[in-house]
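Summary of structural features
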Amino acid sequence: MNKLHRASVVAGASSLWIAMVVGNAAAFRLIQNTFVGRVTSGSAVACTDPGGFAHWANSNIAWSYNPASQGGKPGTAAALQSAMASWTNVPSANNVLSLTGTTTAGFATDGQNTIHWGTGEGCSGGCLALTALVLVAGQVIVEADVTMNDAFTWNTNGSDIDVQSVATHELGHTLGIHHTDKNGGVRRRPTMYASYFGIEARSLESDDMMAIQCSQSRYPPLATWGAPAPALAGSLEPLASGSDRVALSSRPRPGGGALIRFRLTTGGATRVELYDVAGREIETLIDGDRAAGEYELAWDGSSSSGPARSGIYFARITTPAGFARASVILTR
Ligand SMILES: [Zn+2]
């Protein structure tokens, strides 16, 4: 997925025609990969795909770069900062990418997000750069690394190969964005187009921006997703305990029912129960061990005493690390 090839792109009349037909239709794709661990590939899916896609749980993403090899060329830090700013500045998206400095780390799973110039790191031949994502359950990205193929000559003065263009493209992958289906001709070609096309890729097109906007509308920060739950009838327990380790929210499910999403920072015995407004337990959705990660449940409204009516319910999650509650609106 993430290999950038320097192959020339056919940009004749036929592709222009395709661009005109496609117009502003969303052509972006997201990276779907349910493997837990380090990945450098994934399926390209639409934002609405029922299987979901890779995404961050936090909005602030700090990066370092390794100044060894061509990472030590003048202008590298500024080029990387500009690439990060392009994604930070997308309107209606709250991700903030920042370059915090240099590192001696490489293209490896070590808990830090690193950009590294090297060879033999899974990217050779026509491959310009490669992104690796480290995923936990629920396709949550917890680390990303980028290797820039040091066998090419990298530049920051507008000559090929342009550091900022390729970094902007790879950073798109680190946000869970796959290659777009849109071509658009060189001037309007999205940065997430599969092949290198020079400094025109420094600036994001609307198709690129729509990708991260849609990703964040599907996976908004958990703490602000649902309205705070009112106190459960007959209960004095606080709304949440250990809320930095367990979070829960709910939203209506398109077409009926409700979606309940939760995140565990540490794994363990997990129970998710539903209550009615009178405080009676009506259904247990989960009762068992779960690994750290993010989970989304679809509740169709069935309960232990038959189909529940439309209205307000409560979900409660209980784990060894803490518990949380959220209101659930069931629509039919
Ligand atoms: Zn790519």
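Reading guide: rules and limits
Residues numbered from 1 in each chain as written. Predicted model: local features only at pLDDT ≥ 70, side-chain atom pairs only at ≥ 80, totals over all residues. Pairing = 2+ DSSP bridges. Helix = DSSP H or I, 4+ residues; strand = E, 2+ residues; numbered from the N terminus. Axes fitted to C-alpha atoms, helices over the stretch in contact; angles between N-to-C directions. Parallel < 35°, antiparallel > 145°, perpendicular 65-115°, else oblique. Left-handed = near helix turned anticlockwise from the far one by under 90°. Contact = placed C-beta atoms within 7 Å. Nonpolar A, V, L, I, M, F, W, Y, C, P; charged D, E, K, R; others polar. Core = buried A, V, L, I, M, F, W, Y, C linked by C-beta atoms within 7 Å. Buried ≥ 20, exposed ≤ 12 C-beta atoms within 10 Å, placed from the backbone.

**Details of the sheet that holds strand β12 (residues 258-264)**
Each strand in a sheet pairs with its neighbour through backbone hydrogen bonds, running either in the same direction (parallel) or in the opposite one (antiparallel). In spatial order, the strands read β11-β12-β15; together these 3 strands make up an open sheet with antiparallel pairing. The open sheet terminates on both sides in strands that have one partner only, identified here as β11 (246-252) and β15 (293-299). Each strand axis lies, on average, 15 degrees off the axis of its neighbour in the sheet, ignoring direction. Note that β11 and β12 share 7 bridges and pair antiparallel. What sits directly across from L248, in β12, is F262.

**Concerning unusual backbone geometry**
With an omega of 0 degrees, the peptide bond between D160 and I161 qualifies as cis. Tracing the backbone shows I161 in the loop between β9 (140-149) and α3 (163-174). One non-glycine residue, S69, lies in positive phi territory at about 55 degrees. Structurally, S69 can be placed in the loop between β5 (60-65) and α2 (76-88). A positive phi is found at Q139, a non-glycine position, where the angle reads about 60 degrees. For Q139, the position within the fold is in the loop between β8 (129-136) and β9.

**Describing the packing of α2 against α3**
At a minimum axis separation of 8 Å, α2 and α3 run at an interaxial angle of 40 degrees. Between α2 and α3, the angle falls in the class oblique. Where α2 crosses over α3, the two elements pack in a sense that is right-handed. In this structure, α2 contributes T76, A79, L80, S82, A83, M84, S86 and W87 to the contact, and α3 contributes V163, Q164, A167, T168 and L171. For the contact of α2 with α3, the per-class residue count stands at 8 nonpolar, 5 polar and no charged.

**Describing the nonpolar core**
Membership of the largest hydrophobic core comes to 52 residues, with the highest contact counts inside it found for L80, M84, A167 and I177. Looking at this core, the element that brings in the most residues is β8, giving 6 residues. Setting aside residues no more than four positions away along its own chain, A167 makes contact with A79, L80, A83 and I115.

**Topic: the pairing of strand β7 (residues 113-118)**
Along a regular strand, successive side chains alternate from one face of the sheet to the other. Counting buried positions over the 6 residues of β7 gives 5, a clear majority of the element. Two elements, β5 and β7, share 3 bridges in a ladder whose sense is parallel. Following the sheet pairing, Y65 is matched in β7 by I115. When β7 meets β9, the two strands line up parallel, connected through 5 bridges. When the sheet's bridge partners are listed, H116 is paired in β9 with T147.

**Here we look at the environment of E281**
One can find E281 in strand β14 (residues 281-290). The exposure class assigned to E281 is partly exposed, which follows from the 13 C-beta atoms found within 10 Å. A C-alpha to C-alpha distance of 9.2 Å links E281 and S303, two positions 22 residues apart in sequence. Leave out the neighbours within four places in its chain, and E281 touches E273 and Y275.

**Considerations on the environment of G268**
Here G268 is to be found in strand β13 (residues 268-275). Note on G268: 14 C-beta atoms within 10 Å, which makes it partly exposed. Along the backbone, G268 and G288 are 20 residues apart, and their C-alpha atoms lie at a distance of 8.0 Å. Not counting residues up to four positions away in its chain, the partners in contact with G268 are D289, T319, P320 and A321.

Just distances and angles here, no functional claims.
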